[in-house]
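An overview of the molecular structure
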Amino acid sequence: MSLLEIKNLKISFNVDKYQLEALHGIDLKLERGEALGLVGESGCGKSITAMSVMNLLPSNSVVNSGKIFYEGKNIFKLSDSELRNIRGKKIALIPQDPMTSLNPLYTIGEQILEAVLLHSDFRGQKAKEIVIKALKDVQIPDAAAKYNAYPHQLSGGMRQRAIIAMALSCNSELLIADEPTTALDVTVQAQILQLIKKLQRERKLSLLLITHDLGVVFNVCDSIAVMYAGSIVEFASKEKLFSSPKHPYTKALLDSLPNSKKSNLQTIQGQPPALTEIISGCKFYPRCKYMCSFCSEKNPELISVDEKHKIACFNWDKIN
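The present account deals with the structure reproduced in this document. All values reported here derive from a predicted model rather than from experimental measurement.

Further remarks concern the pattern of salt bridges. Scanning all chains against the criterion turns up 10 salt bridges. Lys 7 serves as the salt-bridge partner of Glu 5, at 4.0 Å between the closest nitrogen and oxygen. For Asp 255, the salt bridge identified is with Lys 251, shortest N-O distance 3.6 Å. Remark: Lys 251 and Asp 255 occur in helix α10 (residues 248–255); sequence separation between them is four residues, near one turn of the helix. On the basis of relative accessibility, which here comes to 15%, the residue Lys 251 falls in the buried class. A cluster of three or more residues bridged by salt bridges with shared partners is formed by Glu 5, Lys 7 and Lys 29.

See the structure below:
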């Protein structure tokens, strides 16, 4: 049994008098100890997928269909008390922005301690020791002193490390990292990603890493799911996806990556469709150089074309 399984997830948003569908039947599996990357352009539905796993959707959202199973239990069927027991304890979240994710009125130690007190039986000095150890585990120097520091007294990189410490302080099994290096400089980004990779492997965590950066998933993840306009268009192992992409969007993303052998950067013409835009066929066909007349008539399903390689494209066998 997979640790996490998403089946045919469709989510819409109520905007004025309209219901706009943001996710169009997402199917994903995450095994124990696996690092899965979810990549795609901004607005494609990556973060909504992550929030669905924790059942933390916005108030104007509607789950039109689908199920999310964590350890065999449907997240959408759990009571509030059952969800509180899972969030933070079983599933931990590293949110996008380290600059705004911590409460400026409380010390770093107090905020991590709150999670420990909520999800464990430890109290007093023992609980404080767990917090300090969590700070040490994420390589925050002089962790005992930093326990009493306020967020504004730490750099962006140290704040992100503190958030990771909070996420892992209760020995979670699944870590969801939603663009964990947002607003950090390049050097600090590399340090944070290396830290996440190290902790994931040492603790045998399952990791769902959400990013728009293919270079990030190549260095951290085992498998990659590529999203476009609310759908998974390709799923494969890291090695297979980078060496032999079979969806035109995936290939275009990889072709746009800079390297020393390219004299010019390639771009993907056009823009992703807006939620209000109705496209009867494949969502990518207006931008696709492999499109045919059939692509505008029907949306392709995600099918298996090889072991652990799934593609949603009618012309996948023509791509090289």
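With that out of the way, let us pick up the environment of Gly 270. Tracing the backbone shows Gly 270 in the loop between α10 and β11 (303–306). Relative accessible area serves as the criterion here: at 45%, Gly 270 is assigned to the partly exposed category. Each C-alpha atom, one on Gly 270 and one on Pro 286, is 7.9 Å from the other, the two residues being 16 residues apart in sequence.

With that settled, consider the sheet that holds strand β9 (residues 223–228). Pairing in this open sheet of eight strands is mixed, and the strands run β6-β7-β8-β3-β9-β10-β12-β11 from one edge to the other. Each edge of the open sheet carries a strand with a single partner, namely β6 (91–94) and β11. Pairs of neighbouring strands in the sheet enclose a mean axial angle of 20°, with direction left out of account. By the bridge criterion, two bridges tie strand β10 (residues 231–237) to strand β12 (residues 309–311) in an arrangement that is antiparallel. When the sheet's bridge partners are listed, Glu 234 is paired in β12 with Ile 311.

Before going further, it helps to examine unusual backbone geometry. Glycine aside, residues mostly have negative phi, and peptide bonds are mostly found in the trans state. For Asn 55, which is not glycine, the phi torsion reads 50° and is therefore positive. Relative accessible area serves as the criterion here: at 23%, Asn 55 is assigned to the partly exposed category. At Glu 71, a position not held by glycine, the phi torsion is positive, near 50°. Along the polypeptide, Glu 71 turns up in the loop between β4 (61–70) and β5 (73–74).

Before going further, it helps to examine the pairing of strand β3 (residues 35–39). Of all five residues making up β3, five are buried, and the element is well covered by its neighbours. Of the two faces of β3, the one carrying Ala 35, Gly 37 and Val 39 and the one carrying Leu 36 and Leu 38 are both buried. With five bridges connecting them, β3 and strand β8 (residues 206–211) associate as parallel partners. Bridge pairing in β8 places Leu 36 opposite Leu 208.

On to helix α7 (residues 186–203). In this model α7 runs 26 Å from its N-terminal to its C-terminal C-alpha over 18 residues, within 8% of the 26 Å that 1.5 Å per residue would give. Restricting attention to buried positions, one finds in α7 the residues Val 188, Ile 192, Leu 193, Leu 195, Ile 196, Leu 199 and Gln 200. The arc that holds the buried residues of α7, viewed along the axis, is 155°, so those residues lie on one side. Turned more than 90 degrees from where α7 packs its buried face, Val 186, Thr 187, Gln 194 and Glu 202 sit exposed. Contacts from the buried residues of α7 go to β3, β6, α4 (124–137), α6 (156–168), β8 and α8 (214–220). The N-capping residue of α7, defined by a side-chain oxygen 3.2 Å from the backbone nitrogen of Thr 187, is Asp 185. Phi turns positive one or two residues past the end of α7, at Lys 204, with a value near 55°.

Turning our eyes to something else, we now look at the environment of Ala 162. Along the polypeptide, Ala 162 turns up in helix α6. Each C-alpha atom of the pair Ala 162 and Ala 134 lies 8.5 Å from the other, and the pair is 28 residues apart in sequence.

Any two packed helices are characterised by the angle at which their axes cross and by the distance between the axes. At a minimum axis separation of 8 Å, helix α3 (residues 108–119) and α6 run at an interaxial angle of 20°. Relative to α6, α3 is oriented roughly parallel. α3 and α6 meet at a crossing whose hand is right-handed. Seen from α3, the contacting residues are Ile 108, Gln 111, Ile 112 and Ala 115; seen from α6, they are Ala 162, Ala 165 and Met 166. Taken together, the residues of the contact of α3 with α6 sort by class into six nonpolar, one polar and no charged.

Cut-offs and rules
Residues numbered from 1 in each chain as written. Predicted model: local features only at pLDDT ≥ 70, side-chain atom pairs only at ≥ 80, totals over all residues. Heavy atoms only, no water. Salt bridge = Lys/Arg side-chain N within 4 Å of Asp/Glu carboxyl O. Helix = DSSP H or I, 4+ residues; strand = E, 2+ residues; numbered from the N terminus. Buried < 20%, exposed > 50% of the residue type's maximum accessible area, 1.4 Å probe, protein only. Pairing = 2+ DSSP bridges. Axes fitted to C-alpha atoms, helices over the stretch in contact; angles between N-to-C directions. Expected span 1.5 Å × (residues − 1). Arc of directions from axis to C-beta. Contact = heavy atoms within 4.5 Å. Polar contact = N/O pair within 3.5 Å; in protein donor to acceptor, adjacent residues only side chain to side chain. Parallel < 35°, antiparallel > 145°, perpendicular 65-115°, else oblique. Left-handed = near helix turned anticlockwise from the far one by under 90°. Nonpolar A, V, L, I, M, F, W, Y, C, P; charged D, E, K, R; others polar.

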